[in-house]
Amino acid sequence: MRGHDWMNGSLPDEMILEIFRHLDSKATRDACSLVCKRWLSLERLSRTTLRIGASGNPDLFIKFLSRRFRNVQVIHVDERLSVSLPVHLVCPPSTPIATHGRRRGSDMPTLSSFKLFSTTEKSMPEDGQFESLCLSDTGLDLLGYSFPKLEKLSLIWCSSVSSTGLTFLAHKCRFLKSLDLQGCYVGNEGLEAIGKCCNQLEDVNLRFCEGLTDSGLVELAQDRGRTLKSLGVAACARITDIALEAVGSHCKVLETLSLDSEFIHNDGVLSVARGCPLLKVLKLQCINVTDEALISVGNYCSSLEVLALYSFQQFTDKGLRAIGDGCKKLKNLTLSDCYFLSDKGLEAVASGCKELTHLEVNGCHNIGTLGLEAIGRSCVYLTELALLYCQRVGNHALVEVGRACKYLQALHLVDCSSIGDDAICSIAEGCRNLKKLHIRRCYEIGNRGIIAIGEYCKSLTDLSLRFCDRVGDEALIAIGHGCSLKNLNVSGCHHIGDAGIVAIARGCPELCHLDISVLQDLGDMSMLELGEGCPLLKEIVLSHCRQITDVGLSHLVKNCTMLESCHMVYCPGITAAGVATVVSGCPNIKKVLVEKWKVSERTKRRAGSIISYLCVDL
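Because the structure is predicted, anything quoted here is derived from the model rather than measured.

Once that is clear, we can look at the overall build of the protein. A count of helices and strands for the protein gives 24 helices and 23 strands. When burial is assessed residue by residue, the protein has 52% of its 618 residues classed as buried. Carbon and sulfur atoms form 51% of the exposed surface of the protein, whose accessible area is close to 27,300 Å².

On to the packing of aromatic side chains. In total, this model carries three aromatic pairs according to the counting rule given. Ring centres 6.1 Å apart and planes at 15° place the aromatic pair Y381 and Y407 in the stacked group. Here Y407 lies in the loop between α16 (395-404) and β15 (410-414) and Y381 lies in the loop between α15 (369-378) and β14 (384-388), a separation of 26 residues in the sequence. The class of Y381 is partly exposed, set by a relative accessible area of 47%.

Structurally, L553 can be placed in helix α22 (residues 550-559). The sequence separation of L553 and V582 amounts to 29 residues, and the corresponding C-alpha distance is 7.2 Å. Setting aside its immediate chain neighbours within four residues, L553 contacts L542, M568, I574, G578 and V582.

To continue, consider helix α21 (residues 524-533). Looking only at α21, the buried set comprises S526, M527, E529, L530, G531 and G533. Those residues of α21 that are buried lie in contact with α20 (498-507), β19 (513-515), β20 (539-541) and α22.

Another aspect to go through is the nonpolar core. In this structure, L387, I516, L530 and M568 are the most contacted members of the largest nonpolar core, which totals 174 residues. Top contributing element to this core by residue count: helix α17 (residues 421-430), with five residues. Among all residues touching L530, those that are not within four sequence positions of it are I501, A505, L511, L514, I516, I540, L556 and C560. With six residues, the next largest nonpolar core counts F20, C32, W39 and L42 among its residues.

Time to look at the side chain of T383. With respect to the secondary-structure elements, T383 resides in the loop between α15 and β14. On the accessibility criterion, T383 (19% relative accessible area) is buried. Leave out the neighbours within four places in its chain, and T383 touches T357, H358, Y407, L408, Q409 and A410.

All right, on to the packing of helix α14 (residues 343-352) against α15 then. For the pair α14 and α15, interaxial distance at closest approach is 8 Å and the crossing angle is 5°. With respect to α15, the axis of α14 lies roughly parallel. Two secondary-structure elements touch here, α14 through D343, L346, E347 and A350 and α15 through T369, L370, G371, L372, A374, I375 and S378. When grouped by side-chain class, the residues that make up the contact of α14 with α15 number six nonpolar, three polar and two charged.

Turning our eyes to something else, we now look at the pairing of strand β11 (residues 306-310). The pairing of strand β10 (residues 281-285) with β11 spans four bridges and is parallel. The partner of V281 across the bridge, within β11, is V306. Running through helix α13 (residues 317-326), the crossover from β11 to the neighbouring parallel element strand β12 (residues 332-336) is right-handed.

One pass over the structure, following the stated rule, counts twelve salt bridges. Between R403 and E400 there is a salt bridge whose closest N-O contact spans 3.1 Å. With R403 and E400 both in helix α16 and three residues apart, this pair spans about one turn of that helix. Judged by relative accessible area, R403 falls into the exposed class, the value being 65%. Residue E400 is classed as buried on the basis of its relative accessible area, which comes to 16%. A salt bridge links R441 to D415; the shortest N-O distance between them is 2.9 Å. With R441 in the loop between β16 (436-440) and α18 (447-456) and D415 in the loop between β15 and α17, this pair connects stretches of sequence that are 26 residues apart. The exposure class of R441 is partly exposed, given its relative accessible area of 27%.

Unusually for a residue other than glycine, Y389 sits at a positive phi of about 60°. Within the fold, Y389 resides in the loop between β14 and α16.

Before going further, it helps to examine the side chain of D223. The topology assignment puts D223 in helix α9 (residues 214-224). Setting aside residues no more than four positions away along its own chain, D223 makes contact with E192, G195 and K196.

Further remarks concern the environment of I540. Looking at the element boundaries, I540 is found in strand β20. Residue classification places I540 among the buried residues on the basis of a relative accessible area of 0%. Taking the C-alpha atoms as reference points, I540 and S565, 25 residues apart in sequence, are found 6.4 Å from one another. When sequence neighbours within four positions are dropped, the list of residues in contact with I540 reads L514, I516, L530, L556, L563, S565, C566 and H567.

Turning our attention to a positive patch on the surface. The grouping of K177, K229, K280, K329 and K331 at the surface amounts to a positive patch. Assignment of secondary structure puts K280 in the loop between α11 (266-275) and β10. With a relative accessible area of 33%, K280 lands in the partly exposed category.

Turning to α13, a few remarks are in order. Every α-helical turn comprises 3.6 residues, leaving residues that sit three or four positions apart pointing alike. Of all ten residues in α13, seven are buried, a share of seventy percent or more. Buried residues of α13: D317, G319, L320, A322, I323, G324 and G326, and no others. The elements touched by buried residues of α13 are α12 (291-300), β11, β12 and α14.

Let us now look at the state of the cysteines. Here the structure, examined in full by the defined rule, presents zero disulfides. Of all cysteine sulfurs in the structure, the one in C534 sits closest to C512, which takes part in no disulfide; the separation is 9.2 Å. Free cysteine: C586, not disulfide-bonded; nearest cysteine sulfur from C566 at 7.5 Å. A relative accessible area of 2% places C586 in the buried class.

On to the packing of helix α5 (residues 58-66) against helix α6 (residues 137-146). Put simply, α5 and α6 touch, their axes get as near as 9 Å, and they point 10° apart. Judged by the inter-axis angle, α5 sits roughly parallel to α6. Every residue of α6 that contacts α5 at D59, I62, K63 and S66 is listed here: T138, G139, L142, L143 and S146. Along the lines of polarity and charge, the residues of the contact of α5 with α6 split into three nonpolar, four polar and two charged.

A few words now on the confidence of the model for the protein. Taken as a whole, the protein shows an average pLDDT of 88; of its residues, 90% reach a score of 70 or greater. This model gives residues 82-132 a pLDDT under 50, and the stretch forms 70 contacts once residues within four places in sequence are excluded.

Cut-offs used in this document
Residues numbered from 1 in each chain as written. Predicted model: local features only at pLDDT ≥ 70, side-chain atom pairs only at ≥ 80, totals over all residues. Heavy atoms only, no water. Helix = DSSP H or I, 4+ residues; strand = E, 2+ residues; numbered from the N terminus. Buried < 20%, exposed > 50% of the residue type's maximum accessible area, 1.4 Å probe, protein only. Areas by Shrake-Rupley, 256 points an atom, 1.4 Å probe, with all protein chains shown as cover. Phe/Tyr/Trp six-rings, centres within 6.5 Å; stacked < 30°, edge-to-face > 60°. Contact = heavy atoms within 4.5 Å. Core = buried A, V, L, I, M, F, W, Y, C linked by side-chain atoms within 4.5 Å. Axes fitted to C-alpha atoms, helices over the stretch in contact; angles between N-to-C directions. Parallel < 35°, antiparallel > 145°, perpendicular 65-115°, else oblique. Nonpolar A, V, L, I, M, F, W, Y, C, P; charged D, E, K, R; others polar. Pairing = 2+ DSSP bridges. Right-handed = clockwise from strand over helix to strand, strands pointing away. Salt bridge = Lys/Arg side-chain N within 4 Å of Asp/Glu carboxyl O. Patch = residues over 30% accessible without salt bridge, like charges linked within 9 Å, V, L, I, M, F, W, Y side chains within 5 Å. Lys, Arg positive; Asp, Glu negative; His and termini not counted. Charge placed at Lys NZ, Arg CZ, Asp CG, Glu CD. Disulfide = S-S within 2.5 Å. pLDDT = per-residue confidence, 0-100.

Here you go:
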């Protein structure tokens with residue numbers, strides 16, 4: 001029946017709101033909001049999360065958003081996501097220019113008044129009339145007033161926010177559960193107000209909050225010790241063991257602690273270990289913490305599930321042995337630049353922590369094959385293994401992993417010069433649930449290992465083989481026949497040419513992300529096949545591919561209409577015409593990286609901020 005709206009006439013608001021909540025992406029919700037005014041209004045009510053770049057007068061922007069989205073519970077403000085506006089677009093509302101674009105009968109400017117400009121060399125006015133405004137205390141006060149239901153707030157590097165604004169917020173957002181103040185120069189008074197007013201506070205991140213001292217964190221621990229479950233402290237020079245002792249005394253339900261400080265010693269960690277028996281996640285980058293603290297963690301934190309140790313100069317196998325003896329529930333272990341750890345420490349973890357599922361060993365030069373063999377034999381539930389810069393780990397380590405760890409889903413290898421095809425073949429045969437394989441600069445791994453992956457690992461969707469000189473077309477042909485990849489990176493694999501990429505194009509129709517940079521033998525034939533076989537492609541990196549030309553690009557973009565990002569610097573066969581083809585032929589394009597001299601004035605006008613330039617002196 002033409003002209004009859006059965007859906008709006010039959011469905012109540014609650015039903016449509018529930019449907020909106022189940023939509024899988026923001027783009028889909030945006031499309032639905034354009035159907036009619038009712039759906040637009042309901043879609044706004046369904047929004048619970050806002051993300052704001054904290055430049056371009058965010059104070060006014062928050063006021064604007066508060067009138068449209070009334071049920072917001074999560075707000076992320078990140079000053080790193082900055083855009084700059086011309087001064088005339090951020091001037092006070094009383095000025096004539098600022099009133100341009102307002103709706104009749106409204107004091108708020110329309111969204112068109114917040115037009116964003118990219119501050120590239122080309123777009124910057126000669127007189128330099130640009131200013132970049134950050135979220136202020138006034139804006140934070142307005143945020144608290146406008147969103148009283150707020151439960152989670154992130155203020156990332158909002159340098160203009162102080163204790164005054166935080167105090168305003170604390171009195172208005174009493175349901176706040178999570179607060180991230182990374183990089184904000186707030187003082188003790190603001191943190192104390194948060195502790196006194198926000199009775200449900202559970203999660204606090206204080207990374208790079210240089211204005212805080214021990215007294216602020218002590219007050220927070222005393223006021224919110226009954227609810228605080230997660231705490232992060234990094235690069236706060238005036239927070240010492242005194243504050244951590246208060247955390248250990250009052251925060252009995254603390255589950256997550258992340259510390260990165262040279263001013264924290266054993267006493268602070270000892271207090272937390274003894275006073276927080278429910279601790280599940282502990283991440284330490286404290287160069288003055290020794291085995292004594294780790295022994296205490298092993299003795300008192302029996303519920304520990306995640307342990308990450310970074311850059312420990314005074315930590316040995318003795319401390320790791322205590323973890324293996326006491327933390328039987330440990331599932332995730334990261335050891336980075338712990339120079340005095342050896343195979344014995346890892347063997348102790350393997351024998352005691354049978355539930356281990358994730359292991360990362362990064363730059364621990366004294367850990368070798370024996371320690372990883374013990375992990376392979378004992379930790380049969382291992383699902384992810386990362387070995388970075390482990391020169392002493394050989395093939396036999398991964399042979400043991402392949403024999404016992406059938407649940408392994410992700411393997412990362414970087415600069416492991418002693419690992420070769422035998423190890424990868426063993427992984428392929430034994431770990432058939434493998435979904436992600438990332439290898440970089442492992443020069444002993446070649447075609448034989450990757451062919452085995454293609455033959456046995458049918459669930460593989462993410463493959464990265466960066467600068468693996470011995471991997472060639474034969475390997476990718478096997479992958480194309482056996483796996484349906486979504487992500488592929490073969491940057492710097494000089495023996496890969498058209499034959500390998502053609503096999504991927506024909507065998508992996510769901511491919512979304514592709515990096516084929518620095519492949520000197522790759523030509524337009526690959527682009528033709530990718531265009532025909534991979535219609536879901538969203539990102540491609542072609543940089544340093546000397547044989548790809550404008551003709552190949554035209555074939556690629558003809559069918560890859562979902563392409564969002566294209567990097568093509570140092571491609572001598574690609575000209576201004578090829579760049580124009582990408583910009584005009586891809587309706588969803590968001591980023592093009594190319595030399596500035598290859599972009600015509602017409603393409604610049606059409607593309608705007610989509611193009612990022614690599615400036616090259618000619």
